[in-house]
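Chain residues, written in single-letter form:
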Amino acid sequence: MDNIILIGYMGCGKTTLGIRLSYHMRIPFVDTDKMIEKNEGREISEIFAQDGEEAFRQMETRTIQTLLQEKARKVISTGGGLPIREENRQLLKQLGTVVWLKAEPETVYERVKGDTRRPLLQCEDPLAKIREMTVARSPYYQEAADVVIQVDGKDFDTIIQEMEGQIR
């Protein structure tokens, strides 16, 4: 299967780049968070508030398992925390080529600072939280990734060209 899976911390550009990449490659785009919201009939923030993070992480695993059953080639954007689970990292490897869109905490903060739909950032010092979480998640992203692209200060066309060069 030749799926392209985009992983990385929130705000690194997975969804926006995924949409552009799918258009560029002429293959469908799917976002695991949107799939979960559609299946559950509620937003991620509601799932976190009502069921907790662990229940949401189980939903992510089921979503990846569902995508493994599908035959058509896709660009897949994942939730930022999906690769934390060992099981998910293994499933991602089976699903296709995993691309880590790596962004510095300051870049992430600038992109997401006004977004109230991100449950993990509703805290006193969001930049400190982003720094802490990117450090904590980096080993998981590194383990899951086949390709790592540093995205800071680059436009989408440059990132897509870099990605294509590394995937070939």
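Residues numbered from 1 in each chain as written. Predicted model: local features only at pLDDT ≥ 70, side-chain atom pairs only at ≥ 80, totals over all residues. Heavy atoms only, no water.

Caption draft 1: Representation of the pairing of strand β1 (residues 3-7) within the structure. Burial runs high along β1: five of the five residues are buried. One ladder, built from five bridges, connects β1 with strand β4 (residues 96-102); its direction is parallel. The residue bridging Ile-5 from the neighbouring strand is Val-98, located in β4. Sheet topology places β1 next to strand β3 (residues 75-77); three bridges connect them, and they run parallel. Directly across from Ile-4, in β3, lies its bridge partner Val-75. (Buried < 20%, exposed > 50% of the residue type's maximum accessible area, 1.4 Å probe, protein only. Helix = DSSP H or I, 4+ residues; strand = E, 2+ residues; numbered from the N terminus. Pairing = 2+ DSSP bridges.)

Caption draft 2: Focus on the sheet that holds β1. An order of β2-β3-β1-β4-β5 is seen for the five strands of this open sheet, with the pairing classed as parallel. At either end of the open sheet lies a strand with only one pairing partner, and these are β2 (29-31) and β5 (147-150). Looking at each pair of strands side by side, their axes are set apart by 20 degrees on average, direction ignored. Here β2 pairs with β3 via three bridges, running parallel. Each bridged residue has a counterpart across the sheet, and for Val-30 the counterpart in β3 is Ile-76. Relative to β2, helix α2 (residues 32-40) is tilted by about 65 degrees, and along the sheet it contacts β2 and β3. Helix α7 (residues 126-144) contacts β1, β4 and β5 of the sheet and is inclined by roughly 145 degrees relative to β4. (Axes fitted to C-alpha atoms, helices over the stretch in contact; angles between N-to-C directions. Contact = heavy atoms within 4.5 Å.)

Caption draft 3: Expanded view of the nonpolar core. Core analysis: the largest hydrophobic core is formed by 40 residues, its most contacted members being Leu-6, Ile-7, Tyr-9, Val-99, Leu-101, Ile-149 and Met-163. Not counting residues within four places of it along the chain, the set of residues in contact with Val-99 comprises Ile-4, Ile-5, Leu-6, Ile-7, Val-147, Ile-149, Met-163 and Ile-167. (Core = buried A, V, L, I, M, F, W, Y, C linked by side-chain atoms within 4.5 Å.)

Caption draft 4: Fine view of the packing of helix α3 (residues 44-51) against helix α4 (residues 53-69). Where α3 contacts α4, the axes come no closer than 7 Å and their chain directions differ by 130 degrees. In terms of their interaxial angle, α3 and α4 are classed as oblique. Of the residues in α4, those touching α3 at Ile-44, Ile-47, Phe-48 and Asp-51 are Glu-53, Ala-55, Phe-56, Arg-57 and Met-59. (Parallel < 35°, antiparallel > 145°, perpendicular 65-115°, else oblique.)

Caption draft 5: Examining unusual backbone geometry more closely. The residue Arg-26 is not glycine, and still its phi comes out positive at about 60 degrees. Positionally, Arg-26 belongs in the loop between α1 (14-25) and β2.

Caption draft 6: Examining the pattern of salt bridges more closely. Taken as a whole, this structure holds twelve salt bridges when the rule is applied. Among the salt bridges present, the one from Arg-57 reaches Glu-53, with a minimum N-O distance of 2.9 Å. Residue Arg-57 and its partner Glu-53 are located together in helix α4, separated by four residues, close to a single helical turn. Taking the shortest distance from any N to any O, the salt bridge between Glu-143 and Arg-89 comes out at 3.2 Å. Taken together, the residues span a long stretch of sequence, with Glu-143 in helix α7 and Arg-89 in helix α5 (residues 86-95) at a distance of 54 residues. Glu-143 sits in the partly exposed class, given a relative accessible area of 42%. Here the salt bridges do not stand alone but share partners, grouping Glu-40, Arg-42 and Asp-51 into one network. (Salt bridge = Lys/Arg side-chain N within 4 Å of Asp/Glu carboxyl O.)

Caption draft 7: Main features of the environment of Glu-132. In this structure, Glu-132 sits in helix α7. For the pair Glu-132 and Pro-105, spaced 27 residues apart in sequence, the C-alpha to C-alpha distance is 9.0 Å.

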